[in-house]
Amino acid sequence: MTTPVEEVMNPNADSALGHPYALVLILAAIAGAMDALDFRVYGVFTANQAGNLVLVWERMQENPGEATLSLFSLAGCAIGVTLVIVLRFKFTFFVTPSGSRTLLYLAALFLAVTAFAGVSLTEPIKGVDTGKFPIGSASWWAGAVSVGSSAMALAVLGTIFVMVGSRKANVISSTGPYIDSIRFAVARVFDRSGNWSPQLKAVFAFPIAWSTGAAIASFVPLNRGISATFCAIVVCLAAFLSRRVGPKNP
């Protein structure tokens, strides 16, 4: 029996959604797609925050405009996570299955904001030395709002459902599941007890979903605004069509 605090901090997709594992894989694909799109247009990540922790220092001297966009992404991620946790501590509704689905719609709203905020910035950057985003310029402000709202959206997606059954949901990170996939696959070869197959099955699809989303975003000839809007629509459809019929109280 989970405690109220456990339900706030480690919400489980199984309680809110039909086909929960498939849904979180869809969310992971969306995170991968947005990460690829944002890196192509702005030169920063909005899901892979570990990358931003490197980029902000690597680019600070030569291109402070793009370096500060990494800071906006880091801040947007922190705000998105904080928002979900605070809402769940303050309002019991957001711990319920209906509340979790409402948070999915909130993430879709942030994706819509990022699509419209960056609508004038459709051309990919040509390199970190282009100076495309001088601090204080209109393009820099548009990029800051767009990057920040994208990071908020993906952070919300990654915080709504932390668990899927007894396994962790890796919506906005694929490195950990990739490493675990290799670990469990190798362990399964040397240990025939069968203990590793369920763990491998639980994690191996996340890096695949993430990379698939990034590949689609990279090769489909759509600009970032249209792609982000499509991602928002997919999140709304997933929230609506995957509703689980069950008790509304936590």
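Conventions we followed
Residues numbered from 1 in each chain as written. Predicted model: local features only at pLDDT ≥ 70, side-chain atom pairs only at ≥ 80, totals over all residues. Heavy atoms only, no water. Helix = DSSP H or I, 4+ residues; strand = E, 2+ residues; numbered from the N terminus. Buried < 20%, exposed > 50% of the residue type's maximum accessible area, 1.4 Å probe, protein only. Core = buried A, V, L, I, M, F, W, Y, C linked by side-chain atoms within 4.5 Å. Contact = heavy atoms within 4.5 Å. Salt bridge = Lys/Arg side-chain N within 4 Å of Asp/Glu carboxyl O. Axes fitted to C-alpha atoms, helices over the stretch in contact; angles between N-to-C directions. Left-handed = near helix turned anticlockwise from the far one by under 90°. pLDDT = per-residue confidence, 0-100. Phe/Tyr/Trp six-rings, centres within 6.5 Å; stacked < 30°, edge-to-face > 60°. Lys, Arg positive; Asp, Glu negative; His and termini not counted. Polar contact = N/O pair within 3.5 Å; in protein donor to acceptor, adjacent residues only side chain to side chain.

Colleague: Is there a simple way to explain the environment of Ala112 in this structure?
Modeller: Summarising the element assignment, Ala112 is placed in helix 5 (residues 97-117). With relative accessibility at 23%, the residue Ala112 sits in the partly exposed group. Once the C-alpha coordinates of Ala112 and Phe91 are considered, the two residues, 21 residues apart in sequence, prove to be 25 Å apart.

Colleague: Help me out: how do you make sense of unusual backbone geometry in this one?
Modeller: The general pattern is negative phi for most residues beyond glycine and trans for most peptide bonds. The phi torsion at His19 lies on the positive side, around 55°, for a residue other than glycine. Position of His19 among the secondary structure elements: in the loop between helix 1 (4-9) and helix 2 (20-42). A relative accessible area of 65% places His19 in the exposed class.

Colleague: Looking at this model, I keep getting lost on the nonpolar core. Mind explaining?
Modeller: In this structure, Val24, Met34, Leu104, Leu111, Leu157, Phe161 and Val235 are the most contacted members of the largest nonpolar core, which totals 47 residues. At the level of elements, helix 2, helix 4 (64-90), helix 5, helix 6 (138-160), helix 9 (205-219) and helix 10 (224-241) are the ones that each hand at least two residues to this core. With 11 residues, the top contributor of residues to this core is helix 2.

Colleague: How should I be thinking about the environment of Leu154 in this particular structure?
Modeller: Secondary-structure assignment places Leu154 in helix 6. On the basis of relative accessible area, Leu154 is assigned to the buried category, the value being 0%. In the structure, Leu154 is positioned 77 residues away from Cys77 in sequence and 7.4 Å away in space, judged by C-alpha atoms. Those residues in contact with Leu154 that sit more than four places away from it in its chain are Ala31, Met34, Thr46, Ala47 and Ile172.

Colleague: Help me out: how do you make sense of the pattern of salt bridges in this one?
Modeller: A side chain of one charge can pair with a side chain of the opposite charge when the charged atoms of the two come close. Summed over all chains, the structure comprises three salt bridges. Notably, a salt bridge pairs Arg59 with Glu66, separated by 3.2 Å at the nearest N-O pair. Of the two residues examined, Arg59 and Glu66, each falls in the buried class. A salt bridge links Asp180 to Arg183, with the nearest nitrogen and oxygen atoms 2.8 Å apart. With Asp180 and Arg183 both in helix 7 (residues 175-190), this residue pair falls three residues apart, about one helical turn. Classification of Asp180 as partly exposed rests on a relative accessible area of 23%. Here Arg183 falls in the partly exposed class, since its relative accessible area comes to 47%.

Colleague: Help me understand the packing of helix 3 (residues 49-58) against helix 4, please; the structure alone is not making it clear to me.
Modeller: To describe two helices that pack against each other, one gives the angle between their axes and the distance between the axes. One can describe the packing of helix 3 onto helix 4 by two numbers: an axis separation of 9 Å at closest approach and a directional angle of 150°. Of the two elements, helix 3 crosses helix 4, and the hand of that crossing is left-handed. Judged by residue contacts, Gln49, Asn52, Leu53, Leu55 and Val56 of helix 3 engage Ala67, Ser70, Leu71, Ser73, Leu74 and Cys77 from helix 4.

Colleague: Would you mind going over the confidence of the model for the chain with me for this structure?
Modeller: Caution is warranted with low-pLDDT regions, since their predicted coordinates should not be read in detail. A residue-level look at the chain finds 90% of positions with pLDDT of 70 or above and a mean pLDDT of 87. Below pLDDT 50 for its whole length, residues 122-130 participates in 21 contacts with residues either more than four positions away or in separate chains.

Colleague: How do you make sense of the packing of aromatic side chains when you look at a structure like this?
Modeller: Each pair of aromatic rings is reported with the distance of its centres and the angle of its planes. Tallied over the full model, the rule gives seven aromatic pairs. Seen from their ring centres, Phe91 and Phe94 are 6.3 Å apart, and the 75° between their planes marks the pair as edge-to-face. Each ring, one from Phe93 and one from Phe94, has its centre 5.2 Å from the other, and the planes form 70°; the classification is edge-to-face. Owing to a relative accessible area of 15%, Phe94 belongs among the buried residues under this scheme. Here a set of aromatic residues connected by ring pairs shows up, and it is made of Phe72, Trp140 and Trp141.

Colleague: How do you make sense of the side chain of Arg101 when you look at a structure like this?
Modeller: Turning to its location among the elements, Arg101 is positioned in helix 5. It turns out Arg101 is buried and unbridged, and the closest side chain with the opposite charge, Asp14, is 12 Å from it. In this structure the side chain of Arg101 is engaged in a polar contact, spanning 2.6 Å, whose partner is the backbone oxygen of Ala16.

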